[in-house]
Structure formats: structure tokens, C-alpha cells
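# Coordinates in review
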Amino acid sequence: MLGGKGIKLRIQGVCKTFNGRRNDVEALQATSFEVQEGEFVTILGPSGCGKSTILRIVAGLTEPTAGRVLLDGREIKGPGPDRGMVFQSYTLFPWLTVRRNIEFGLELRGVPAAERHAISQHYIELVGLKGFEEAYPVSLSGGMKQRVAIARALANDPEILLMDEPFGALDAQTRLIMQEILLKVWEESRKTILFVTHDVEEAVFLSDTVHVMTARPGQIKETVQINLPRPRTYEMKDEPEFLRLKKRLLDLIRAESLKAV
Amino acid sequence: MLLRQDISKSLYSGLGAAHFALLFAIWSLLAYGHLVPASLLPTPGEVARTAIEMIQDGSLVEHALVSTFRVTSGFLISAVIAVPLGILMGTWKWALGFFEPMFGFVRYMPASAFIPLFILWLGLGEPEKIMVIFWGTFFQQVLMVMDVTKNVPLELIEVSYTLGAKGFSVFNRVIIPASLPGIVDTLRITFGWAWTYLVVAEIVGASSGLGYAIMHAARFGHTGKIFVCILTIGLLGMITDLIFKFIYNVLFAYQRRGT
């Protein structure tokens, strides 16, 4: 399902060592991979394997110890609106309504009110939050908050969407529904997505490509292509090919999780 | 009787009223029963009579106005400096490194100990009184505002970066709105403290104000007047507290569900 439109993101020899008080901690060994335009790429790994570190380096929120990241051929320096991000923790601005949260980036860029309104309305409907435009985050459920966070990132029209375990704080049922909503949104927008998770089924269900990481210090252990047809539906989770891929990733990650325990 | 279990609203306010009633009953018993000499503890009736007298001759209102002016001036001057500086210290490590050690040091010097110096430097007029209140309020205030700002979740700042915020717009659109509820709460609490420094400021070299009135009444053994002035300060403090709480609820309605 690759767009074949070329390489969007290049991660070249990126590594990260955190300087501790006593000793330095190597979080990420030199890692390189590429993300095609319009591709859904997932980094799958046990906790503490440095997968979020990769995402934060791409976002420009963490500086790599060595290596570089190229977006559309340009090296990234610091954070910017061309790389939208959805965090695991709830990061809506509590003093803004759903609509104003979604319009946050547009307001910063000085987009005229009427245009802002049209864009936010589109994304509010896309993530199924019609009727909640004027609600404040405090009255939203966890799943709704993350849908607003996704809409807010997309409304800003980034080149790539970075998602750091965005459904990690949600209960199992909500999580499944959010995965379907995300797929629907992705199929509509065709954004390039770099997604981080430790959930194997989530990785298979969503992705075109899955990079499995080793335990800390992390590096890519194996890359698995997920050639399941799209659009994907939850019924596919029972199909032999889905189960085979899931088993394969589980085997890979289990070996790493055992090392990390 | 589980700990922290909620009780009904009426029971809650009933308990508060009961406390006032109990205290009043003990006071009445001690004073009317002549268990404590009248020169030390006036009766509630005596206090009420004194209050009416002081209201009628205008002295209570005058003292209260003078005191309110001093407290408000000292507090506002402090807030105008402490709020921006506290925000800066909570966000920018350079400012934190420069200011915090000194403020943390000065904070432990009692404001009242500076009064002789302030009198030498500023004389006995209003600036000296306002300075005492400022000095008593500022250092606590700036450190509390700093703490509020420090506690703005880093993710909120980071997500604003990924949405295109930078430089001043991060302050403007994230750090300040995120800190505002905590700042208003800090102002409410420190305004209460400013009232406590008022009496200290008015005890020395004042010729008006509630603190002065208390000292003056003590010299002539008018315990009734002392009671009236203390109760007035308590009342004024409570009113300002309610005003702040009202402002808080109006400004930060978004924190409540169902809005």
C-alpha cells in the first residue's frame, strides 16, 4: 500500500545517550530507517527500549547524541509545525474549547477565522465529535480527548504525524475503537504516520511497516512488512494472515521483553 | 465514619455555624459570668455597643479605609513585580539561578525586623507602611508564582512547539493561561498574609488605621475597641477572600465539568 511517492523521512545513524549523575545511560543505539510518503510505519518494542526517544528526536524535542533526521531532504533542527505530534498523556489545553484546541496551530499562523472554522469543523466531524465543539476538555472522556489531539495535529496540516503510544492510557475497548477511527482518518488524509506502541495487535492492524526494537539500548531488530489489504476492518483480526503476522511479532518482541525484565 | 468520606452540604455548613455558636457561648459565659474580669474580656454586648459607637462617629470606617488602602497598595505593588518575575523564574533557568537563592534567603528575614530601617530610609509616612506590607508579601508571592509556573506540564509546552508556537507565543498562549488559576489562588492566599503584616506596619509610628487603633485602645484599656478592630480585620480579610474565589470561579469555569 505504499504511495510510491518517494521518501518522506530519513533517520540516519541516530543514537542517544542520556548523561546521568553517576553513569551515562545508552537509550538508543545507532538506528537508521526510512519512511515513505503516505506510509504508516510503527516502531514496536518493549518498554524502555528507546522507541519514544526516536519519536522525540524526529519531533525535535530531544537532541540526538549523533546522527541526523531528514524530512523531505532537509535536516531537522528543533521542533516545528511540519511534524505534528500526539502524546500518550492528555495534552489538550484545558482553557480552550474543543474547537479552539483544534484551531490552536491555525491561529498561530494567522489563518483567517472563517477558514479556521471550516478546517476545524472538517476534523471535528472526521473524528466524530460533532456536537462537542464548544465543550471544554474536562468534560471529555479519555478517548474523546485523544481524538481531539489527533484532530488538532492534523488540522495544522503537518508533513508527518508522530504518535507516541496515543492510546496507551485508554481502556482496552476504547483502544480498539480508537484504532478504527485512526485508520479511517488516515485513509482520508493519507498523512505519513510514524507510530510508537508496545501493543502487537495494534501494530499489525494499523501499519504498513513495523520495526521491532530490541531491549535497551534499543536498535531495530527486524522489520516486518504488513501486506494486509486496506481498508482494514476489525474482522480481519481473525484471518490467518493477521494471526500469522501477530504471532511473528509476538515471538520477536517476547524475546526482547524477557531480556528487559 | 470512613475517612475522607463526603458529608451532606447542610451538615458541612451546620458544623461551621456550630463552631461560631460554641465560641460565642464560651465567650458569653466567661464574660457575663464574671469568670474573667471585664478589663480583660469585654462582654459581647459591650463589643456590639462599641462597634455601633465607632461606626456612628465614623472612626471605624476611617481606620478601615486607611488600612485597606495600605494593604491593597503594598499587595498590588508586590503582585505587579512578583507575577511576571515568578513566571520568568518558573520557565527560564537563568532567571531561576539568579533570583531564587537570594529570595529564598531574604524570605526568612522577618519583615518586622526591617521596620526600623524602613523608618530611617522612608520616614514615618505611607511609603514606610506600604513598604512593610510589600516586604512581607513579595518574597513569598514570587516563589509561589514560580512554583505554579514550574508545574505547568512539560507536554503542554512541547505540544505547542509541535503546533508551531515559539518564543513569546509559548508564554502567551500556553504558560500564562496554564498558570493563571494557580496565580489567582496565590494572590488570594498572599492577600490574606498582607493583612497580617498590616498590623505590624501600623503598630510603629502610625496615627491611623486598624492596627494603630488596636494599639491606641490597648494603651487606654479599651478591650472592646480592640475586639471591634480585630473582628473588622477578620471580616475584611474574609470579604477579599470571597471576592478572589468569585473571580476564580468566573475566570476558570472551564475546570468544572458540564460547562
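All values derive from a computational prediction rather than experimental measurement.

Parameters and conventions
- Residues numbered from 1 in each chain as written.
- Chains lettered and ligands numbered in written order.
- Predicted model: local features only at pLDDT ≥ 70, side-chain atom pairs only at ≥ 80, totals over all residues.
- Helix = DSSP H or I, 4+ residues; strand = E, 2+ residues; numbered from the N terminus.
- Rg over C-alpha atoms; globule rule 2.2 N^0.38 Å.
- Buried ≥ 20, exposed ≤ 12 C-beta atoms within 10 Å, placed from the backbone.
- Contact = placed C-beta atoms within 7 Å.
- Axes fitted to C-alpha atoms, helices over the stretch in contact; angles between N-to-C directions.
- Parallel < 35°, antiparallel > 145°, perpendicular 65-115°, else oblique.
- Left-handed = near helix turned anticlockwise from the far one by under 90°.
- UniProt positions renumbered as here; feature names shortened; annotations may be inferred.
- Pairing = 2+ DSSP bridges.
- Nonpolar A, V, L, I, M, F, W, Y, C, P; charged D, E, K, R; others polar.

This brings us to the overall build of chain A. A count of helical and extended segments in chain A gives eight helices and 10 strands. For 261 residues, the compact-globule formula gives about 18 Å, and the C-alpha radius of gyration of chain A, at 18 Å, lands near that figure. With the principal axes as the frame, chain A shows a C-alpha extent of 50 × 45 × 40 Å. Looking at the 261 residues of chain A, the share that counts as buried comes to 45%. Partitioning the intrachain contacts of chain A with sequence separation of at least 6 by distance along the chain shows that 73% fall at a separation of at least 24.

Residue and element names in this part refer to chain B. Relative orientation of the contacting elements helix H6 (residues 126-150) and helix H8 (residues 168-203) amounts to 155°, with a least axis distance of 8 Å. Taken together, the axes of H6 and H8 lie roughly antiparallel to each other. Here H6 runs over H8; the crossing is right-handed.

Turning to the UniProt feature "domain: ABC transporter" (unreviewed entry) in chain A, a few remarks are in order. Summarizing the sequence annotation, UniProt attributes the feature "domain: ABC transporter" (unreviewed entry) to residues 9-240 of chain A in the numbering used throughout. Across residues 9-240 of chain A, the secondary structure splits into 31% helix and 26% strand, with the terminal C-alpha atoms separated by 32 Å.

Further remarks concern the UniProt feature "domain: ABC transmembrane type-1" (unreviewed entry) in chain B. According to UniProt, the feature "domain: ABC transmembrane type-1" (unreviewed entry) maps to residues 64-248 of chain B in the numbering used here. Overall, residues 64-248 of chain B shows 84% helix and 0% strand. The separation of its end C-alpha atoms is 25 Å.

Turning next to the sheet that holds strand S1 (residues 7-18) of chain A. Residues and elements named next belong to chain A. Strands sit in the order S2-S1-S4-S5 across an open sheet of four strands; the sheet is antiparallel. Of all strands in the sheet, those bounded by a partner on one side alone are strand S2 (25-36) and strand S5 (74-75). Pairing analysis gives five bridges linking S1 to strand S4 (residues 66-71), with the strands arranged antiparallel. Bridge pairing in S4 places Leu9 opposite Leu71. Along the sheet, helix H1 (residues 51-59) contacts S1, S2 and S4; its crossing angle with S1, the most-contacted strand, is approximately 115°.

A few words now on the interface of chain B and chain A. Opposite the 17 residues of chain B that make contact, chain A presents 22 residues. Among the elements of the structure, helix H7 (154-162) and H8 of chain B are those that each provide at least two residues to the side of chain B that touches chain A. Broken down by element, the side of chain B that touches chain A gets its largest block of residues, six residues, from H7(B). Broken down by class, the residue content of the side of chain B that touches chain A amounts to seven nonpolar, six polar and four charged.

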